[in-house]
There are 2 protein chains.
Amino acid sequence: MIDDSNNIILPEPTLRRLPWYLAYIDILKANGVETVSSTQISKAISVDSSQIAKDLSFLNIKGKTRIGYEVNTLSNVLSHFLGFKEIHNAFIVGVGSLGAALIHDTGLSNYGLNIIAGFDINPDIIGKKICDVPIFNIDEMQHYQQKLNASIGILAVPANQAQDAADTMAASGLKAIWNFTPYRIKVAEGIVMSNTSIYAHLALIYNRLRATT
Amino acid sequence: MIDDSNNIILPEPTLRRLPWYLAYIDILKANGVETVSSTQISKAISVDSSQIAKDLSFLNIKGKTRIGYEVNTLSNVLSHFLGFKEIHNAFIVGVGSLGAALIHDTGLSNYGLNIIAGFDINPDIIGKKICDVPIFNIDEMQHYQQKLNASIGILAVPANQAQDAADTMAASGLKAIWNFTPYRIKVAEGIVMSNTSIYAHLALIYNRLRATT
């Protein structure tokens, strides 16, 4: 069932929607539902059913006419396809308030993220552990990367240290940077970048709230 | 300096970029830099300078020819404009791993978010406090909303409880829902919605990593 189609580069909007489908399908699965059509998914989560069929066509799975997709199979194929069933080792860089919070969020491990070490410049936390994750000096990142071979670096330093920390991460051999800072960092081509702009999402909420009151 | 222009509905892409400008400008400010041009911002964060000028034109602030913007003024106007200087009271609904992590992240308060209560269904944590934030039974949300008048509800429950919890939040009188679950919830018109799809961002990283290796 799992094949080379896993290696294609998916459009970002499709990658945004697929986890919605998976979340809905996993609810059906937990409720013992056996089949689901794209029309049903469409009604539940308000995405056009032709869009859903198109998104799911990237997966190597076919629905049956008038029956739809097998829920168990679809859940399996989707979570494998999204990479949630593999283990991806990650460093977290910046173990302040947000960084420590992300280490505490054990839910990420259900989605294939395995945080194996933290890095900081604060001598008060270097050498300690948070939820069993050891915290090292940021200067030693390359050393630990050679030993631990993480693929993803989670960036959670203050904005004014974001670019420097990202440069260190790239130089240490991390292949992807997940940026939680509000700073727009620049990386060399070939480094995968994903921004989770929580402050921008807050700004959006504040702006819309103000406009409605 | 702050005026009615605060009430306009900004396009989402502009709201995504403005916090990048602010993060960069605050670094200049901390370094004692007094003026900045859109060309400079453009070089630092790789956004087209005409786009920056256009985004900043929503603010009631003018740059000077050949000098640019005053850094202090721009920082002030931007952070007010984005709502980061106001206090916005929020409930957090679902105080499991992620919810508790968000309460621990004191950084959010620097961006105007004040988490005043948490809600859960787990009797082990109802009645307790996390970082001084009291945790109540989710059934009592309306009661506490009448007393505390929060405007924002942060949704961090398991996906299969997301829609029900969102319905409770809307019924209790919360005006905005910040959805951290992977579930695509539906809300009545008039409720502000913002999705922070951390699992979709992970799926993006996994997909791109696979394609490059």
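Residues numbered from 1 in each chain as written. Chains lettered and ligands numbered in written order. Predicted model: local features only at pLDDT ≥ 70, side-chain atom pairs only at ≥ 80, totals over all residues. Heavy atoms only, no water.

Draft legend 1. Local environment of the overall build of chain A. Each helix and strand counted, chain A has eight helices and nine strands in total. C-alpha extents for chain A along the principal axes are approximately 60 × 50 × 35 Å. Nonlocal contacts in chain A, meaning residues at least 24 apart in sequence, comprise 59% of its contacts between residues at least 6 apart. Working note: accessible area of chain A is about 9700 Å², and carbon and sulfur atoms make up 48% of it. (Helix = DSSP H or I, 4+ residues; strand = E, 2+ residues; numbered from the N terminus. Contact = heavy atoms within 4.5 Å. Areas by Shrake-Rupley, 256 points an atom, 1.4 Å probe, with all protein chains shown as cover.)

Draft legend 2. Summary view of the interface of chain A and chain B. Facing 67 residues of chain A, the contacting portion of chain B comprises 67 residues. Each partner contributes to the roughly 6300 Å² buried at the junction of chain A and chain B, and carbon and sulfur atoms together form 67% of this total. In terms of surface lost to chain B, no three residues of chain A exceed A:R184, A:Y206 and A:R210, which account for 12% of the buried area on that side. The interface formed by chain A and chain B includes two salt bridges. Taking the shortest distance from any N to any O, the salt bridge between A:R210 and B:E86 comes out at 3.7 Å. (Buried area = accessible area lost by both parts, 1.4 Å probe. Salt bridge = Lys/Arg side-chain N within 4 Å of Asp/Glu carboxyl O.)

Draft legend 3. Molecular detail of the sheet that holds strand β5 (residues 129-130) of chain A. Residue and element names in this part refer to chain A. Taken together, seven strands build an open sheet; the order of strands is β5-β6-β4-β3-β7-β8-β9 and the sheet is mixed. Sheet topology places β5 and β9 (192-195) at the edges, where each strand pairs with a single neighbour. Summarising the sheet, strand β7 (residues 152-155) and strand β8 (residues 176-179) pair through four bridges and their orientation is parallel. Bridge assignment links G153 to a residue of β8, and that residue is I177. The sheet contacts of helix α7 (residues 162-172) involve β3 (88-93), β7 and β8, and relative to β7 the element is tilted by about 170°. (Pairing = 2+ DSSP bridges. Axes fitted to C-alpha atoms, helices over the stretch in contact; angles between N-to-C directions.)

Draft legend 4. Inspection of unusual backbone geometry at higher detail. One non-glycine residue, A:D132, lies in the positive phi region at around 70°. A relative accessible area of 67% means that A:D132 is categorised as exposed. In this model, B:C131 sits at a positive phi of 50°, which is unusual for a non-glycine residue. The residue B:C131 is located in the loop between β5 (129-130) and β6 (133-137) in this model. The class of B:C131 is partly exposed, set by a relative accessible area of 44%. (Buried < 20%, exposed > 50% of the residue type's maximum accessible area, 1.4 Å probe, protein only.)

Draft legend 5. View of the relation of the copies chain A and chain B. It takes a turn of 180° to lay chain A on chain B, together with a shift of 0.0 Å along the axis; the resulting RMSD is 0.0 Å. Interpreted geometrically, this transformation is the action of a two-fold axis. Using C-alpha coordinates, one finds that chain A approaches the rotation axis most closely at A:A101, a distance of 2.2 Å. (Least-squares fit on C-alpha atoms with pLDDT ≥ 70 in both.)

Draft legend 6. Representation of the packing of helix α6 (residues 141-148) of chain B against helix α7 (residues 162-172) of chain B within the structure. Residue and element names in this part refer to chain B. Their axes nearest at 9 Å, the elements α6 and α7 cross at an angle of 40°. With respect to each other, α6 and α7 are oriented oblique. Every pair of crossing elements has a handedness; the one defined by α6 and α7 is right-handed. Between α6 and α7, the contacting residues are M141, Q142 and Q145 on the first element and T168, M169, A171 and S172 on the second. Looking at the contact of α6 with α7, its residues break down into three nonpolar, four polar and no charged. (Parallel < 35°, antiparallel > 145°, perpendicular 65-115°, else oblique. Left-handed = near helix turned anticlockwise from the far one by under 90°. Nonpolar A, V, L, I, M, F, W, Y, C, P; charged D, E, K, R; others polar.)

Draft legend 7. View of the side chain of A:R210. Structurally, the position occupied by A:R210 is in helix α8 (residues 198-212). At 2.6 Å, the side chain of A:R210 forms a polar contact with the backbone oxygen of B:F81. (Polar contact = N/O pair within 3.5 Å; in protein donor to acceptor, adjacent residues only side chain to side chain.)

Draft legend 8. Region of interest: the packing of helix α1 (residues 12-30) of chain B against helix α3 (residues 49-56) of chain B. All names here are of chain B. For the pair α1 and α3, the least separation of the axes is 10 Å and the interaxial angle reads 100°. Judged on the interaxial angle alone, α3 and α1 are roughly perpendicular. Facing T14, R17, L18 and Y21 of α1, the residues of α3 in contact are Q51, I52, D55 and L56. Its residues assigned to classes, the contact of α1 with α3 comprises four nonpolar, two polar and two charged.

Draft legend 9. Quick look at the sheet that holds strand β9 (residues 192-195) of chain B. Spatially, the seven strands line up as an open sheet ordered β5-β6-β4-β3-β7-β8-β9 (chain B), and their pairing is mixed. Two strands close off the open sheet at either side, each with one partner strand: β5 and β9 of chain B. The pairing of strand β4 (residues 113-120) of chain B with β6(B) spans three bridges and is parallel. Residue pairing in the sheet places B:F119 in a bridge with B:F136 of β6(B). Packing against the sheet, α8(A) makes contact with β3 (88-93), β4, β7 (152-155), β8 (176-179) and β9 of chain B, and its axis sits at approximately 170° to β9(B).

Draft legend 10. Up close: the side chain of A:R208. The residue A:R208 is located in helix α8 in this model. If we skip the residues at most four places from it in the chain, A:R208 touches B:I9, B:L10, B:P11, B:E12, B:L15 and B:V192.

Draft legend 11. Looking closely at the packing of aromatic side chains. For the structure shown, the criterion picks out 16 aromatic pairs over all chains. Taken together, a centroid distance of 6.3 Å and an interplanar angle of 75° make the contact between A:F84 and B:Y206 edge-to-face. Of this pair, A:F84 sits in the loop between α4 (71-81) and β3 while B:Y206 sits in helix α8 (residues 198-212), on two different chains. The two residues A:F84 and B:Y206 agree in class, both being buried. Grouping aromatic residues by their ring pairs yields a cluster made of A:F84, A:Y111, B:Y199 and B:Y206. (Phe/Tyr/Trp six-rings, centres within 6.5 Å; stacked < 30°, edge-to-face > 60°.)

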